[in-house]
Amino acid sequence: GAGGDEISADDAATVLEARRTIDSRCGGTARVEQPDVPGAVGMLIQVIRENGPEGVYETGQSERAERLSVVGRDVARQLTACGAADQATRLQRVLGASS
């Protein structure tokens, strides 16, 4: 389809949780001492693999829908900026491989 399919609620929750973890590591609001960034990236990769990069992720509050490929690239940029370039590379690899 042109638009890509919306991912399941469970997958959306996984993406949200992963992004929160990465935000807490990269956003300077580290509530957690050592957020599990590799684990969070692994969760994102899993969702992207299962749904494909065209999968559509809808953020609950804002009713904004984004493709997983866009989410993935945003997160990869964020990771690179905060010194986790190795994790960004993992994410870019799965995006590159599946497009």
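This structure is a prediction, so every number in the text was calculated from the model and none was measured. (Residues numbered from 1 in each chain as written. Predicted model: local features only at pLDDT ≥ 70, side-chain atom pairs only at ≥ 80, totals over all residues. Heavy atoms only, no water.)

Some points on the overall build of the protein
For step 1, the next point in the chain: From N to C terminus, the protein includes four helices and two strands.
For step 2, the next point in the chain: Secondary structure elements of the protein, listed N to C terminal, follow the sequence α-α-β-β-α-α.
For step 3, the next point in the chain: Within the protein, the proportion of its 99 residues that are buried is 37%.
For step 4, the next point in the chain: Taking all contacts inside the protein whose residues are at least 6 apart in sequence as the whole, residues at least 24 apart take part in 57%. (Helix = DSSP H or I, 4+ residues; strand = E, 2+ residues; numbered from the N terminus. Buried < 20%, exposed > 50% of the residue type's maximum accessible area, 1.4 Å probe, protein only. Contact = heavy atoms within 4.5 Å.)

A closer look at the nonpolar core
For step 1, the next point in the chain: If you look at the biggest cluster of nonpolar residues, it comprises 23 residues, and the most contacted ones within it are Val-15, Ile-22, Leu-79 and Leu-91.
For step 2, the next point in the chain: Counting only elements with at least two residues in this core, the list comes to helix H1 (9-26), helix H2 (37-51), helix H3 (68-81) and helix H4 (85-98).
For step 3, the next point in the chain: Top contributing element to this core by residue count: H2, with seven residues.
For step 4, the next point in the chain: Excluding residues that lie within four positions of it along the chain, Ile-22 makes contacts with Gly-27, Val-37, Ala-40, Val-41, Leu-44, Val-75, Gln-78 and Leu-79. (Core = buried A, V, L, I, M, F, W, Y, C linked by side-chain atoms within 4.5 Å.)

What to know about the packing of H1 against H3
For step 1, the next point in the chain: The geometry of H1 relative to H3 is characterised by a closest axis approach of 10 Å and an angle of 20° between their N-to-C directions. Classified by the angle their axes make, H1 and H3 are roughly parallel. For the crossing formed where H1 meets H3, the hand is left-handed. Every residue of H3 that contacts H1 at Val-15, Arg-19, Ile-22, Asp-23 and Cys-26 is listed here: Leu-68, Val-71, Asp-74, Val-75, Gln-78 and Leu-79.
For step 2, the next point in the chain: Of the residues contributing to the contact of H1 with H3, the split by class is seven nonpolar, one polar and three charged. (Axes fitted to C-alpha atoms, helices over the stretch in contact; angles between N-to-C directions. Parallel < 35°, antiparallel > 145°, perpendicular 65-115°, else oblique. Left-handed = near helix turned anticlockwise from the far one by under 90°. Nonpolar A, V, L, I, M, F, W, Y, C, P; charged D, E, K, R; others polar.)

Considerations on the environment of Glu-6
For step 1, the next point in the chain: Here Glu-6 lies in the segment before H1.
For step 2, the next point in the chain: Here Glu-6 falls in the exposed class, since its relative accessible area comes to 54%.
For step 3, the next point in the chain: Separated by 60 residues in the primary sequence, Glu-6 and Glu-66 have C-alpha atoms spaced 9.5 Å apart.
For step 4, the next point in the chain: Not counting residues up to four positions away in its chain, the partners in contact with Glu-6 are Val-56 and Glu-58.

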